[in-house]
Amino acid sequence: MPKLTQAVWRYRHDQMVRLMDELAVDALVFTTADFFQFATNFHTDVQPWERPIFAVVPRQGEGFLVMNELSTNHMRFSMEAHKVWITDVTFYAEHPMVSNRLPLVSQLPEILAERLSRAGLRRSRIALDAGSGVMAAVQRLLPDLNVRVATAEVRSLRWQKHAEELAVMQAMAGLTDWLQDRYREAIKPGRLVQEMDCAMASLFVQEAAERFPGEQFEVVRCWTLSGPASASPHGDGASCGARIREGDVLVNIVIPRLNGLTIENERTWFCGSPDEQKKALWTAARDATDAAIGAAVTGRPVCAIDAAAQAVIERAGFADCIRHRTGHAIGIVHHEYPEDMAFSQRPLLDNEVYSAEPGLYVYGVGGFRIDDTVVVGATPRVLTATPKSLDYATVG
């Protein structure tokens, strides 16, 4: 069963310790939902702006959490299933209880100050993943505490994936390949586009239940744009009631999340035989995707992925049809770090994971985007395996 074990925790913790050494800090504090999950393997169930959460990982000693009472039983379930990696939790309440009262949300600075002091961190240096008003108040309570925001630095923790993470992503990729076959069967003239996507999401959940019972599975997106609306990567804002028409170009997006990790699988379809212009645009998009995959080589610049795809599109004469970068990293969220892949000059590292999704968009015609998920290596490894041929892309 694809899941994350203590081996991933040890791998991530080692990375955190190395970063603490580089930053000369004594602890990392994570306050955002995705980083909280990264540090704990707990599926975050609150919006931190509304119900703040804190994961404190010291260089020495055990970590601890401060969480809203809403998560009490969810955390208990996670502990009983041995899924969560940090189990020392202090809960606070958002309403006063009649008995057995917890500290209130208004007391969060005091709670954190007490927990940091108990951990021997009252005179320490701490790095945060993001600015926090609560932590600013903690500094007033602990004047010898030194707090700095290190958003850019902590993002590097999420670049390289552990083998177990890649196994989860590979399992999801296989599921998306299965669903793309179902999409191919489902595309028919006259069908409501949104109804089709809902039907595909239902099949997605049913198949996931067979493959991954008892795991955390989510449908992040099953979304199709059909006809001229697909010339906008995010549609025309008029999707309700839209139907597939004979001759349409369709672009679909399939994104699942399993045990805290995502992948992407996107394809361009033709409802009926495409004309020569559409074939040329589709072929350029497919070839650009393959070029991007081929550039995901350890040691080459991150931006080489984008440059390789753009060069193919320019040679095909469609440079003016580009509307976005070639892709982005993928991991805990489907738009992962680095977010500046089109411009980043740093060398690619083994086991980073990227989407390769160059797109061409022609107003009045449609969009042409083929997206594979690729693992960086001496030889790049593609996780998604949905066919990329005109025959497969042509339905009806």
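Position numbers for residues start from 1 in each chain and track the written sequence from start to end. Local features in this predicted model are restricted to residues of pLDDT 70 or higher, and side-chain atom pairs are both shown and tallied only at a pLDDT of 80 or more, whereas totals for entire chains, interfaces and linings draw on every residue. Side-chain metrics in this entry use all non-hydrogen atoms of the structure; hydrogen atoms and water are not considered.

In the annotation of an unreviewed UniProt entry, the entry for the chain reads Xaa-Pro aminopeptidase, and the organism field reads Variovorax boronicumulans.

1. Some thoughts on the packing of aromatic side chains
Where we set the bar: Working definition: rings of Phe, Tyr and Trp (its six-membered ring) pair if their centres are within 6.5 Å, and the pair is stacked with planes under 30 degrees apart, edge-to-face with planes over 60 apart, and tilted otherwise. A run of H or I in DSSP becomes a helix once it reaches four residues, and a run of E becomes a strand once it reaches two; helices and strands are each numbered from the N terminus. Exposure is judged per residue with a 1.4 Å probe applied to protein chains only, and the accessible area is read against the type maximum: over 50% gives exposed, under 20% gives buried, and values in between give partly exposed. In this scheme, Lys NZ or Arg CZ marks a charge over a ring once it lies within 6 Å of the ring centre and within 35 degrees of the ring normal.
All chains considered together, the criterion is met by eight aromatic pairs. For the pair F204 and F217, a centre-to-centre distance of 5.4 Å together with 85° between the ring planes defines the contact as edge-to-face. Remark: F217 occurs in strand β7 (residues 217-226) and F204 occurs in helix α8 (residues 193-211); sequence separation between them is 13 residues. The exposure class assigned to F204 is buried, which follows from its relative accessible area of 0%. Given the relative accessible area of 18%, F217 is considered buried. Between the aromatic rings of W269 and Y392, the centroid separation amounts to 5.3 Å while the plane-to-plane angle is 45°, which identifies the pairing as tilted. You can see W269 sitting in strand β10 (residues 265-271) and its partner Y392 sitting in helix α11 (residues 390-393), a full 123 residues away along the chain. For W269, a relative accessible area of 0% puts it in the buried group. Three or more aromatic residues joined by ring pairs make a cluster, and in this case those are F30, F35, F38 and Y337. Geometry around F64 places R115 over its ring, the cationic atom sitting 4.3 Å from the centre.

2. Details of helix α10 (residues 304-315)
Structural remark: α-helix, 3.6 residues per turn; residues separated by three or four positions point the same way. Defined as follows: The span expected for a helix works out to 1.5 Å for each residue beyond the first. The contact definition used throughout considers only heavy atoms, calling two residues in contact when any of these lie within 4.5 Å.
Its twelve residues place the ends of α10 16 Å apart at the C-alpha level, agreeing with the 16 Å of an ideal helix rising 1.5 Å per residue. Within the span of α10, buried status applies to A304, I305, D306, A309, V312 and I313. Looking at the buried residues of α10, the elements they touch are α9 (276-294), β11 (353-356) and β12 (359-362).

3. Here's the deal with the pairing of strand β1 (residues 27-30)
Convention followed: A pair of strands is labelled paired if DSSP reports no fewer than 2 bridges between them.
Across the two faces of β1 the burial is the same, with A27 and V29 and L28 and F30 all buried. In terms of strand pairing, β1 meets strand β2 (residues 54-58) through four bridges, oriented antiparallel. Note on β2: the bridge partner recorded for L28 is V57.

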